[in-house]
Amino acid sequence: NFVERSSYEFYITTENTKMATCNGLLIDSLSNPINNTITWHWKLDESIPSYLACVSVSKYTTITKVLNGNNGNTNANIYCLPSDTNLVHGSFANLQESFTMLENHFGTYLWPVVGYTMVPFAQGAMEHATNISIGNAFINGSLQYESLIAHELSHHWWGNLVTCNDDADMWLNEGFASYCEALHYEHVYGKLSYQTEVRNNHFNVLSSAHMRDDGYRSVANMDSNYTYGATVYNKGSDMIHTLRHYMGDALFFTGLQSFI
């Protein structure tokens, strides 16, 4: 359900060698010496649809980066295994750049914290509000998947803050997040990098989206069998790129900020 929203409070009890990560802020952790457990207390005051709630448990350690933004400093907490800390530092080297780009284009970050938790998931990541779950394989110490990190962070504007009414309009979440990958490249590496990204995407849309999604489809009112297909992600991004350059940057980005 994309419409019903609530705040969340979690009390998760784990073995004392492990940590639970959830949405929002870690309020406290209570040791239970009788049975060698820890109860982790997390709280998210902002309201979210239930599909954005999360719990992860492992032998996590916390790496905290401080992001400078419109409202001052925001902590970015990245939860990983101790053996992966060097990989985190390498793969998240451009997190500040992504954060700055998103605030410049879409307005101030309205959540209390940025979070990423590494999980054994091979399909990419999931934009759980304030605590993104990201597959271990994509944090490899390089910037190979920096666009994925930017994509998931952008959901805190497109998907977590502004949420589609139902899955037929998933392009509002995923089309914008996919387009933010190109915006990330533009911000970090310049206009040519952006043009290369959108041209490659445009070619892929024209050459194969209709085959991958069994026909030519509109981004809106999408059949539920193709909610997470090439039309929503790739064609959605291509449409947003077209709209930007039809309107011009000033109208386009100011209009989006007004919409949000």
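Before any of the text, the structure's been laid out above.
Just so we're clear, the structure is a prediction, and the values are computed from it rather than from any experiment.

Novice: Quick question: what am I supposed to make of the layout of surface pockets here?
Specialist: Rolling a probe over the atoms, with the probe sized like a water molecule, indicates the empty space that remains. Taken as a whole, the largest pocket spans an internal volume of roughly 640 Å³. Taken together, 30 residues line the largest pocket, and the ones lying closest to its centre are His-151, Glu-174, Ser-178, Glu-181 and Tyr-233. Every element with two or more residues in the lining of the largest pocket is listed here: strand E9 (125-126), helix H3 (146-154), helix H4 (171-189), helix H5 (191-212) and helix H6 (230-247). A class-by-class count of the residues in the lining of the largest pocket yields 11 nonpolar, 13 polar and six charged. What lines the second largest pocket is simply His-202, Val-205, Leu-206, Ala-209, His-210, Gly-215, Tyr-216, Arg-217, Thr-231, Lys-235 and Asp-238. Considering each element in turn, the lining of the second largest pocket owes the most residues, five residues, to H5. Looking at the lining of the second largest pocket, its residues break down into four nonpolar, four polar and three charged.

Novice: Would you explain the packing of aromatic side chains in this entry?
Specialist: Here a ring pair, both rings aromatic, is described through the centre-centre distance and the interplanar angle of the planes. All chains considered together, the criterion is met by 15 aromatic pairs. Ring geometry for Tyr-8 and Phe-10: centres 5.8 Å apart, planes at 15°, overall stacked. By relative accessible area, Phe-10 is classed as buried at 9%. Three or more aromatic residues joined by ring pairs make a cluster, and in this case those are Phe-106, Trp-158, Trp-171, Phe-176, Phe-252, Phe-253 and Phe-259.

Novice: Sorry, what's going on with the sheet that holds strand E3 (residues 25-32) here?
Specialist: Remark on secondary structure: sheet strands pair via backbone hydrogen bonds, oriented parallel or antiparallel. A sheet is described by the order of its strands in space; here three strands give the open sequence E1-E4-E3, paired in antiparallel fashion. Since the sheet does not close on itself, it has two edges, and those belong to strand E1 (6-15) and E3, each with one partner. Averaged over neighbouring strand pairs, the angle between their axes works out to 15° when direction is ignored. Where E1 and strand E4 (residues 37-48) come together, nine bridges link them in antiparallel fashion. Paired with Tyr-11 across the bridge in E4 is His-41.

Novice: Got a minute to help me understand the sheet that holds strand E6 (residues 61-69) in this structure?
Specialist: Pairing is mixed in the open sheet, where five strands are placed in the order E6-E7-E8-E10-E9. With partners counted over all chains shown, the strands left at the sheet margins are E6 and E9, one partner each.

Novice: Looking at this structure, I do not really get the side chain of Thr-21. What am I missing?
Specialist: Following the sequence through the fold, Thr-21 ends up in strand E2 (residues 19-22). A polar side-chain atom of Thr-21 sits 3.1 Å from a polar atom in the side chain of Thr-117. Side-chain polar atoms of Thr-21 contact the side chain of Asn-131, separated by 3.2 Å. Leave out the neighbours within four places in its chain, and Thr-21 touches Trp-42, Cys-54, Val-55, Ser-56, Tyr-60, Tyr-79, Thr-117 and Asn-131.

Reading the values: the criteria
- In this convention, every chain numbers its residues from 1, walking through the sequence in written order.
- Reporting of local features is limited, given that this is a predicted model, to residues whose pLDDT is at least 70; pairs of side-chain atoms are given and counted only at 80 or more, and all residues count toward the totals for whole chains, interfaces and linings.
- As a rule here, side-chain values cover all heavy atoms of the structure and leave hydrogens and water aside.
- Cavity means a closed set of points on a 1 Å grid over the protein atoms alone, one where a 1.4 Å probe fits but cannot get out, pocket means an open set with protein on both sides within 12 Å along at least 5 of 7 lines, and lining means a residue has an atom within 4 Å of a point.
- Grid points are joined across faces, edges and corners, and a volume is the space filled by probe spheres set on the points.
- Each helix is a run of H or I in the DSSP string that is no shorter than four residues. Each strand is a run of E no shorter than two, and both are numbered from the N terminus.
- In this classification, the charged set is Asp, Glu, Lys and Arg, the nonpolar set is Ala, Val, Leu, Ile, Met, Phe, Trp, Tyr, Cys and Pro, and all remaining amino acids, among them Gly, are polar.
- The pairing test for Phe, Tyr and Trp rings, Trp by its six-membered ring, is centres within 6.5 Å, and the orientation test on the planes gives stacked under 30 degrees, edge-to-face over 60, and tilted for anything in between.
- Using a 1.4 Å probe on the protein chains alone, a residue whose accessible area is under 20% of its type maximum counts as buried, one over 50% counts as exposed, and one in between counts as partly exposed.
- The pairing criterion for strands is at least two bridges between them, as found by DSSP.
- Helix axes are fitted only over the stretch in contact, all axes being lines through C-alpha atoms; the angle between N-to-C directions runs from 0 to 180 degrees.
- In the analysis that follows, any N or O atom pair within 3.5 Å is treated as a polar contact, provided that within protein one partner can donate a hydrogen and the other can accept it, and provided that, for residues neighboring in sequence, both atoms belong to side chains.
- Any two residues having at least one pair of non-hydrogen atoms within 4.5 Å are treated as being in contact.

The values are spatial; any link to function lies outside them.
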